[in-house]
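# Structural description and commentary
Below, each chain spelled out in residue letters.
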Amino acid sequence: MTGQKFKEIAKNGVLVNNPTFRLVLGTCPTLAISSSVFNSLGMGLAVTFILICSNAIISALRKVIPNEVRIPAFILIIATFVTVVRMFLYKYVPALYTSLGVFLPLIVVNCIILGRAESFASKNPVLDSAADGLFTGLGFTLAITLMGLIREILGAGSILGYKLWDFSIDFFGNTAGAFLVYGLMIAGFNALYEKFENNRKRKNYIEEMQASALAIQAKESEPAENADVKEA
């Protein structure tokens, strides 16, 4: 994998195709789990680990798995790593295991993971697929953790359980508040992304025009130089 390819995968996973704010995938856990930073970060890291491992295995077996049964095979591979994560959390982080509840086993059919398996891992080499899993997972983790931060501060007046002030708005701790925060963050993220893209395109356009102008000037100066040479 070249450096340019790595940068492209990183940019796509975190920004261009951010699963939460750009593609609006994995909405159920995003809305249900993002009530606190602890829960959001735990879910994000779990999904990232499963994405990396499942992408790598699916990529390694992409030429072995029959096309007719690829989706059941993908789900079986993903379910294996979900079970590993569940066992780890149950043993070492029981508070997070309890908080994630039913949304932890539901990672098996999370459309972010299945989507990357189908659209990327099944068509690309192992290292590329693992990198795609890493950066897609980071994009999801950053998005859901930022939502958890906003909702915990406004809804509970705390960060990671540490009380900041006595004031809180219960609305942000319930489902309606989750929808509002999610919608506003999608709008804000996409507005910033579009502004960034427009500036980048404008800059590239100006550079292309300048390069074209220099090329035209160079061509126009050639006949004059040739005439001077002949006169000499």
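Preceding block: the structure.
Residues numbered from 1 in each chain as written. Predicted model: local features only at pLDDT ≥ 70, side-chain atom pairs only at ≥ 80, totals over all residues. Heavy atoms only, no water.

### Description of helix 7 (residues 126-156)
With 31 residues, helix 7 extends 43 Å between its outermost C-alpha atoms, agreeing within 8% with the 45 Å of an ideal straight helix rising 1.5 Å per residue. Following helix 7 by one or two positions, Gly157 adopts a phi angle in the positive range, close to 65°. (Helix = DSSP H or I, 4+ residues; strand = E, 2+ residues; numbered from the N terminus. Expected span 1.5 Å × (residues − 1).)

### Comments concerning the packing of aromatic side chains
With the rule as written, the count across this model stands at 6 aromatic pairs. Ring plane angle 40° and centroid distance 5.3 Å describe the contact between Phe21 and Phe189, whose orientation is recorded as tilted. One end of the pair, Phe21, is in the loop between helix 1 (3-16) and helix 2 (27-33); the other, Phe189, is in helix 8 (residues 175-231), and 168 residues separate them in sequence. Taken individually, Phe21 and Phe189 each receive the classification buried, so the pair is uniform in this respect. Note on Phe88 and Tyr92: the rings are 5.2 Å apart at their centroids and 40° apart in plane angle, and the pair reads as tilted. Highlighted residues: Phe88 and Tyr92, both in helix 4 (residues 70-92), separated by 4 residues, approximately one helical turn. Classification of Phe88 as partly exposed rests on a relative accessible area of 46%. (Phe/Tyr/Trp six-rings, centres within 6.5 Å; stacked < 30°, edge-to-face > 60°. Buried < 20%, exposed > 50% of the residue type's maximum accessible area, 1.4 Å probe, protein only.)

### Remarks on the pattern of salt bridges
As enumerated under the stated definition, the model contains 4 salt bridges in all. In this structure, Arg70 engages Glu118 in a salt bridge whose closest nitrogen and oxygen atoms are separated by 3.0 Å. Highlighted residues: Arg70 in helix 4 and Glu118 in helix 6 (residues 111-121), separated in sequence by 48 residues. What makes Arg70 partly exposed here is its relative accessible area of 26%. (Salt bridge = Lys/Arg side-chain N within 4 Å of Asp/Glu carboxyl O.)

### Quick notes on the state of the cysteines
Evaluation of the coordinates by the stated rule reveals 0 disulfides. With no disulfide of its own, Cys28 lies 8.2 Å from the sulfur of Cys111, the closest cysteine sulfur. For Cys28, a relative accessible area of 56% translates into the label exposed. Cysteine Cys53 shares no disulfide, and the gap to the nearest cysteine sulfur, in Cys111, comes to 19 Å. (Disulfide = S-S within 2.5 Å.)

### Quick look at the environment of Phe140
With respect to the secondary-structure elements, Phe140 resides in helix 7. Take Phe140: its relative accessible area is 0%, and that puts it in the buried class. In the structure, Phe140 is positioned 114 residues away from Gly26 in sequence and 8.8 Å away in space, judged by C-alpha atoms. Apart from residues lying up to four places away in sequence, Phe140 is in contact with Pro19, Thr20, Gly26, Thr30, Met43, Gly44, Val47 and Ile112. (Contact = heavy atoms within 4.5 Å.)

### Observations concerning the packing of helix 3 (residues 37-60) against helix 7
Relative orientation of the contacting elements helix 3 and helix 7 amounts to 170°, with a least axis distance of 8 Å. With respect to their mutual orientation, helix 3 and helix 7 come out roughly antiparallel. Regarding helix 3 and helix 7, the two cross each other, and that crossing is right-handed. Taken together, the residues that form the contact of helix 3 with helix 7 break down as 16 nonpolar, 12 polar and 2 charged. (Axes fitted to C-alpha atoms, helices over the stretch in contact; angles between N-to-C directions. Parallel < 35°, antiparallel > 145°, perpendicular 65-115°, else oblique. Left-handed = near helix turned anticlockwise from the far one by under 90°. Nonpolar A, V, L, I, M, F, W, Y, C, P; charged D, E, K, R; others polar.)

### With respect to unusual backbone geometry
The phi torsion at Val24 lies on the positive side, around 55°, for a residue other than glycine. Judged by relative accessible area, Val24 falls into the partly exposed class, the value being 37%.

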